[in-house]
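Architecture and fold: a report
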Amino acid sequence: MAADASWWRDAVIYEIYIRSFGDGDGDGLGDIAGIRSRLPYLRDLGVDAIWITPWYPSPMADGGYDVADYCDIDPRFGTLADAQELIDEVHAQGMRIIVDLVPNHTSDHHPWFQEALAAGPGSPERARYLFRDGTSSGGPPNNWRSVFGGPAWTRVADGQWYLHLFDAHQPDLDWQHRDVRAEFESILRFWLDRGVDGFRVDVAHGLIKHADLPDIPTDHEDMLEPPDRTDHPHWDRPEVHEIYRSWRAIAESYGPDRVFVAEAWVAKPERLACYVRPDELHTAFNFDFLRCSWHADALRAVVDCTTRALDAVGAPPTWVLSNHDITRHVTRYGRASTRGGGSQHESHGPVDVALGRRRARAALLLMLALPGSAYLYQGEELGLEELEDLPIEVLQDPTWERSGRTARGRDGCRVPLPWSGFRPPFGFSPGDTPPWLPQPQRWVSLTAELQKREPDSMLALYHRALGVRRNHSALGEGGWSWLPSATGVLALHRTPGLVCIVNISGGPTALPRHERVLLSSEPLPDGALPADSAAWLEVADHHVPQRAAATSFPTDGVPGRW
Ligand code: BGC
């Protein structure tokens, strides 16, 4: 591992959704042993770091984002000793490791919540959560809604209600309570002492609620959307920032290379920038990029607005196309409407998967050419599509039940990876145990084993692109500008000596003057760049024309959760 304090400013970080990456013990569920045995794959792929979704003891009401003990490992995933060995081995293989911190809520199995239930109304134990009496007419304390559907309040046997912005098994903590703050500071130290390189902060925009828990005004277009205002009673409240300042100080006490990445769904880049001011979190996911449609002007505007807002606070931008909450981008890009976000886990018409894959290849070259750091979601390197037709009996995402079985939820992007072989479980588990979500037989042509041998596969493209990115001094952090380009074409100049050109114009476009092609997402017949493809070109900087004007925030980049 390079002793580089600013490694995170342009790292490529691979998200491991632990339940679905690799199963070491043969129970059909991913685990730490499954990750360990596949570290060489990740090292060879060329990623700098891994982020592992929650691995703590959990009843799994929300896939582990319902934590019952923040300082242990769920026995289905392994032991604390296994986690330590993994941390050490990741480092020995030259990579870093980020773990998931879930501070907004605990599991209802967490000892604090069990104590709160037992202690009754008005007790100090209840004060760590948000218990309230209902209205005089017997309704919940206010009109807030759960992100997963239904009311955000559940009533307990003695008549009080508790708040849960997510599932009823995920009671929200009261971050005004000093025990809560002290507990999370000690959880940070617990994992930093074990050598983790950082934390992904779940729901970073949600920790503080308005003290009066007021109703959400009905003029908010959608009660769950983070608004472009500071008075939303539970999203993106200014008081969250003091929490992150205290966390930054803890991370710094371990050295400048221990970092945070915020999951903050906010209205626009300027608000995201507040989370990554120099004394707060280091980076934040840039969901505007993932929500953006496959459209040159919209993408250009997201890049401009993101970089402008983050430059103002000195933080590097991050780029991400998929994660465990969002419809896989192969599927999004294969639809007539390519925009991500909103309630996109409900089906939105037919999908042309081949077109989606072609665009995903081009999007990769764009993402990896942008300044800053990038996140990959497991399976995107294999070109996996969203599985939108999982049988309803296997669905596990709480969204399915809480939406009254109207929204299928996020299981379709969480299906276990196909590694090898000719039939499920495709090497995910040793032996034949069926994985916790079924894989389709058609993934036989997408296994990592097969794609390793095919020079034009998605995996081969990821491998080559990450290799060029690692070795080319223009990529990662550094200077960049747009070049003048035809309508529907993006041309990004990175100095020294590289142009990334992306063609979303619908027809072929001529390549700009260049010395040689470093990489392209498709073959380049007659020296032209075909539609829905991208290329990295080596150029002589003095031949590159003037930069094009910057754009303003895209009208279709409006916020949306999932
Ligand atoms: C995680 C989700 C999870 C939610 C509640 C998120 O943002 O990424 O998977 O359901 O937080 O913890």
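Procedures and definitions
- Residues numbered from 1 in each chain as written.
- Predicted model: local features only at pLDDT ≥ 70, side-chain atom pairs only at ≥ 80, totals over all residues.
- Heavy atoms only, no water.
- Helix = DSSP H or I, 4+ residues; strand = E, 2+ residues; numbered from the N terminus.
- Buried < 20%, exposed > 50% of the residue type's maximum accessible area, 1.4 Å probe, protein only.
- Contact = heavy atoms within 4.5 Å.
- Areas by Shrake-Rupley, 256 points an atom, 1.4 Å probe, with all protein chains shown as cover.
- Lys, Arg positive; Asp, Glu negative; His and termini not counted.
- Charge placed at Lys NZ, Arg CZ, Asp CG, Glu CD.
- Salt bridge = Lys/Arg side-chain N within 4 Å of Asp/Glu carboxyl O.
- Polar contact = N/O pair within 3.5 Å; in protein donor to acceptor, adjacent residues only side chain to side chain.
- Pairing = 2+ DSSP bridges.
- Axes fitted to C-alpha atoms, helices over the stretch in contact; angles between N-to-C directions.
- Core = buried A, V, L, I, M, F, W, Y, C linked by side-chain atoms within 4.5 Å.
- Domains from an automatic or database assignment.
- Buried area = accessible area lost by both parts, 1.4 Å probe.
- Near = heavy atom within 4 Å.
- Nonpolar A, V, L, I, M, F, W, Y, C, P; charged D, E, K, R; others polar.

With that out of the way, let us pick up the overall build of the protein chain. Secondary structure assignment for the protein chain yields 14 helices and 18 strands. Its C-alpha atoms put the protein chain at 75 × 55 × 50 Å along the principal axes. Within the protein chain, the proportion of its 562 residues that are buried is 62%. Partitioning the contacts of the protein chain with sequence separation of at least 6, the portion at a separation of at least 24 is 68%. When the accessible surface of the protein chain is totalled, it reaches about 19600 Å², and 52% of it is carbon and sulfur. For the protein chain, the distance from the average position of its 54 positive side-chain charges to the average position of its 79 negative side-chain charges is 3 Å.

A full pass over the atoms with the stated rule returns 36 salt bridges. One salt bridge in this structure joins R410 and D62, with 3.1 Å as the shortest N-O distance. Pair noted here: R410 is in the loop between α12 (398-402) and α13 (448-453) and D62 is in the loop between β2 (49-52) and α3 (80-92), with a separation of 348 residues, a long-range link. With respect to class, R410 is no different from D62; both count as buried.

As for its position among the elements, D66 is in the loop between β2 and α3. Classification of D66 as buried rests on a relative accessible area of 0%. For the pair D66 and S107, spaced 41 residues apart in sequence, the C-alpha to C-alpha distance is 4.2 Å. Beyond its immediate sequence surroundings of up to four residues, D66 is in contact with P57, S58, P59, M60, A61, S107, H169 and Q170. Within polar-contact distance, the side chain of D66 engages the backbone nitrogen of A61 at 2.6 Å.

With that settled, the discussion passes to the sheet that holds strand β9 (residues 283-284). The strand order β9-β8-β7-β3-β2-β1-β11-β10 describes an open sheet built from eight strands, whose pairing is parallel. The sheet is open, and its two borders are formed by β9 and β10 (318-320), each paired with just one other strand. Together, β3 (96-101), β7 (198-201) and β8 (259-262) form the strand contacts of helix α6 (residues 240-253), whose direction differs from that of β8 by roughly 150 degrees.

In this section: the nonpolar core. One broad rule of soluble globular proteins: the nonpolar side chains tend to lie buried together. Of all hydrophobic cores here, the largest spans 152 residues; its most connected members are Y14, L42, I50, W55, Y244 and W247. Element by element, the count of residues in this core is highest for helix α11 (residues 353-369), at nine residues. In this view, W55 contacts I18, I32, D72, I73, D74, F77, A83, L86, I97, V99 and W191; residues no more than four positions away in its chain are not counted. Membership of the second largest hydrophobic core comes to 14 residues, among which are W144, V147, F166 and W235.

Turning to the domain arrangement of the protein chain, a few remarks are in order. A common measure of how large an interface is: the accessible area buried when the components associate. The domains assigned to the protein chain are domain 1 (7-106 + 179-463), domain 2 (111-163) and domain 3 (479-562). Using C-alpha coordinates to define each centre, domain 1 is positioned 29 Å away from domain 2. Between domain 1 and domain 2, the contact holds 22 residues from the first and 18 residues from the second. Buried area between domain 1 and domain 2, both sides added, is near 1700 Å², and the carbon and sulfur share of it is 63%. Of the charged contacts in the structure, one is a salt bridge between R128 and D179, with a shortest N-O distance of 3.1 Å. Taken together, domain 1 and domain 2 are joined by nine residue pairs in polar contact (both at pLDDT 80 or more).

Quick look at the site of the ligand now. Taken together, 15 residues lie around the ligand, and D62, H105, D202, E263 and D325 are the ones closest in. In this structure, an oxygen atom belonging to the ligand sits 2.5 Å away from a side-chain N or O atom of D62. Here an oxygen atom of the ligand and a side-chain polar atom of E263 are 2.3 Å apart. Burial of the ligand by the protein amounts to 100% of the accessible area it has alone, namely 310 Å². Tallied by class, the residues present in the shell around the ligand amount to four nonpolar, three polar and eight charged.

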